[in-house]
Amino acid sequence: MPSSNSVWSAYLKHHGFIKNLIPNSCPDCYTVRDFANDNPIGTFILGTGEHAVAVIDGNYYDSWDSGREVPIYYFSYKGDKNV
């Protein structure tokens, strides 16, 4: 399926993104909204396991308000200063 994690992950890696894990010291606490607030500069794709959301310069973009979702990993673009 083109929407499976392995397909879009490979696409992002091919286009210069790097996969990073989010520490799970408090997995029910750190949210998409928290990540966006902590990263005011840069381009990121967050994965929650079954869903993906874009964070660009501190704003998250999705088809619904996924700010309370808990991300487990993210892709960051190599060209961004904070990578």
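Residues numbered from 1 in each chain as written. Predicted model: local features only at pLDDT ≥ 70, side-chain atom pairs only at ≥ 80, totals over all residues. Heavy atoms only, no water.

(A) View of the pattern of salt bridges. The full count for this structure, using the stated rule, is 1 salt bridge. Notably, a salt bridge pairs Asp65 with Arg33, separated by 3.7 Å at the nearest N-O pair. Separated by 32 residues along the polypeptide, Asp65 in the loop between strand 4 (59-61) and strand 5 (73-77) and Arg33 in helix 2 (residues 32-38) bring together distant segments of the chain. For Asp65, a relative accessible area of 52% corresponds to the exposed category. (Salt bridge = Lys/Arg side-chain N within 4 Å of Asp/Glu carboxyl O. Helix = DSSP H or I, 4+ residues; strand = E, 2+ residues; numbered from the N terminus. Buried < 20%, exposed > 50% of the residue type's maximum accessible area, 1.4 Å probe, protein only.)

(B) View of unusual backbone geometry. Phi is positive for Asp57, which is not a glycine, with a value near 50°. Looking at the element boundaries, Asp57 is found in the loop between strand 3 (52-56) and strand 4.

(C) Representation of the sheet that holds strand 5. What the 5 strands build is an open sheet, ordered 1-5-2-3-4; its pairing is antiparallel. At either margin of the open sheet sits one strand with a lone partner, and together these are strand 1 (17-21) and strand 4. For this sheet, the mean inter-axis angle between neighbouring strands, taken without regard to orientation, is 25°. For strand 2 (residues 43-47) and strand 5, the ladder comprises 4 bridges, and the chain directions are antiparallel. Looking across to strand 5, one finds that Phe44 is bridged to Ser76. Docked against the sheet, helix 1 (residues 5-14) engages strand 1, strand 2, strand 3 and strand 5, running at close to 25° with respect to strand 5. (Pairing = 2+ DSSP bridges. Axes fitted to C-alpha atoms, helices over the stretch in contact; angles between N-to-C directions. Contact = heavy atoms within 4.5 Å.)

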